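Residue strings, one per chain:
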Amino acid sequence: MGEVLVGARDDAEVREVIAAAELRHLLGTVLGAHVGRSALAAQATADDAARAARWLTEAEQLGLPGFGVGMLLKDLSRIGAADANAAPDSAPDPETVPGPISAVDALGLPGPLALACAVRRAEAGIRAHGIGLIGIRRVGALGVLGLAARDLARTGAVALLGAQAPAIVAPWGSTRPAIGTNPLAIAAPRKDAAPLVADFATSPLTLAALRERAAAGEQLPAGLAVDAAGAPTVDPASVAAILPESLVGSLGGLLVELLAGVAVGGRETGAAASGRGAFVLAFDPARAGGARAAEDTARLAADWRAAGGHLPSRFDALGDSDETGDTGGDAAPGTVPATVSLPAAHLATLRDLARAHGEATR
């Protein structure tokens, strides 16, 4: 049992401090309960569950709770309804489709587990063909795409990931929603350093941030959103559409909608929608002519900084350790905290789910 805190963020909220390693184990057990569970879903592995558990723990360690345990618990609730309501998928079984391109039908899988399955397949595609392109459909909340991109870049690949989300963002010049916040992440290997990772929403506000502000009773900055009547609003509970920051950002969101929604069969609308879409694209830069990609990435980073640019560095706090936490000798260790503070109710639910899985597998 971890240390219990009262009023760490809210006077009415009881929080508990837990070791990151213990949290990762709990999450791995809960996610492991979904491995091979659904015949309709893509078949995940125990390694996929362990990887997804690490990502969720890292999200908490990086101070991104909107993409951590709370997100997973909401997605687990979504899965039951999706399993009951979704129609059978007529697409070919992704496990039997050979080659560098395949699809993950994520019905019945927690979002982070489906993403880990897709990353594993992309890695296999790179080994066999130099490239892996994986579409994901009927998926829920995926978590931090940058963590998945980072894993791929640690193998020497250049990776691009995108996710389509429910419509909440208006096109440039409009006040009616047409697309989601539609994040993108890109990562590349970097010589003598952790991979360079950029992870961003194509809208000025994520759904997680919107929900956090609504829960905290905080207002939005002016000019970010409109209500159902198309009038400007700073009340997160009244938001009917988020406004794009620019035409470029708006077109970026449209690009993600095409790739992560239309191109992989992930764009579903209406009451019958059973999830959203995403894609994972990763390739060996040496096969594409970029034999010095790691060196060139380091040089680009130096040039960017020398020109006065802000270089994305959030994920650098994770260091250059591998999935087991081994820093490999001279590699840089991470600076993320070894403990995580979570709502005690979330931890209690996780422990109940892990206990139920343990009893079911005896």
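As a reminder, the structure under discussion sits directly above these lines.
What comes next concerns the included structure. Since the model is a prediction, treat every value here as computed from it, not as a measurement.

Within the chain, Arg138 stands out as a residue other than glycine whose phi angle is a positive 55°. Structurally, Arg138 is set in strand E4 (residues 131–139). Positioned with a positive phi, Asn182 is a non-glycine residue whose angle comes to about 45°. In this structure, Asn182 sits in the loop between strand E5 (158–163) and strand E6 (183–190).

Along helix H5 (residues 145–154), nine of the 10 residues are buried, which leaves the element largely enclosed by surrounding structure. Buried residues along H5 sit in contact with helix H2 (46–61), helix H4 (111–129), E5, E6, strand E7 (193–201) and strand E11 (276–283). Two residues or fewer after H5 comes Gly156, characterised by a positive phi angle close to 100°.

Quick look at the pairing of E6 now. Most of E6 is tucked away, with six of its eight residues classed as buried. Taken together, the four bridges between E5 and E6 define a ladder with antiparallel strand orientation. Bridge assignment links Gly162 to a residue of E6, and that residue is Leu184. As defined by bridge partners, E6 adjoins E7 across seven bridges and the pair is classed as antiparallel. Bridged to Ile186 within E7 is Ala198. Here E6 hands over to E7 after two residues, with Asp192 in that stretch at a positive phi of 60°.

Let us look at a nonpolar patch on the surface. The grouping of Trp172, Leu247, Leu251, Leu254, Leu258 and Val262 at the surface amounts to a nonpolar patch, some 590 Å² of accessible area in total. The residue Leu251 is located in helix H7 (residues 247–262) in this model.

Attention now moves to the pairing of E11. Bridge count between E4 and E11: seven bridges; the pairing is antiparallel. Bridge pairing in E11 links Gly135 to Phe279. Direction of pairing for E5 relative to E11: antiparallel, over a ladder of six bridges. Paired with Gly162 across the strands is Phe279, a residue of E11.

With that settled, consider the sheet that holds strand E8 (residues 225–226). The sheet built from three strands is open, its strands ordered E9-E8-E10 with antiparallel pairing. The open sheet is flanked by strand E9 (232–233) and strand E10 (241–242), the only strands paired with a single partner. Strand direction decides the pairing type here: E8 and E9, joined by two bridges, are antiparallel. Following the sheet pairing, Val226 is matched in E9 by Pro232.

Looking now at the packing of H2 against H5. Interaxial distance between H2 and H5 falls to 10 Å at its minimum, and their mutual angle equals 125°. Classified by the angle between their axes, H2 and H5 sit oblique to one another. In the packing of H2 onto H5, the handedness of the crossing is right-handed. In this structure, H2 contributes Arg51, Arg54, Trp55, Glu58 and Ala59 to the contact, and H5 contributes Leu147, Ala148 and Asp151. In terms of residue class, the contact of H2 with H5 is made up of four nonpolar, no polar and four charged.

Here Gly156 shows up in the loop between H5 and E5. By relative accessible area, which is 26% here, Gly156 ends up partly exposed. With 34 residues separating them in the primary sequence, Gly156 and Arg190 have C-alpha atoms 8.7 Å apart. Those residues in contact with Gly156 that sit more than four places away from it in its chain are Pro189 and Pro285.

Cut-offs and rules
- Residues numbered from 1 in each chain as written.
- Predicted model: local features only at pLDDT ≥ 70, side-chain atom pairs only at ≥ 80, totals over all residues.
- Heavy atoms only, no water.
- Helix = DSSP H or I, 4+ residues; strand = E, 2+ residues; numbered from the N terminus.
- Buried < 20%, exposed > 50% of the residue type's maximum accessible area, 1.4 Å probe, protein only.
- Contact = heavy atoms within 4.5 Å.
- Pairing = 2+ DSSP bridges.
- Patch = residues over 30% accessible without salt bridge, like charges linked within 9 Å, V, L, I, M, F, W, Y side chains within 5 Å.
- Areas by Shrake-Rupley, 256 points an atom, 1.4 Å probe, with all protein chains shown as cover.
- Salt bridge = Lys/Arg side-chain N within 4 Å of Asp/Glu carboxyl O.
- Axes fitted to C-alpha atoms, helices over the stretch in contact; angles between N-to-C directions.
- Parallel < 35°, antiparallel > 145°, perpendicular 65-115°, else oblique.
- Left-handed = near helix turned anticlockwise from the far one by under 90°.
- Nonpolar A, V, L, I, M, F, W, Y, C, P; charged D, E, K, R; others polar.

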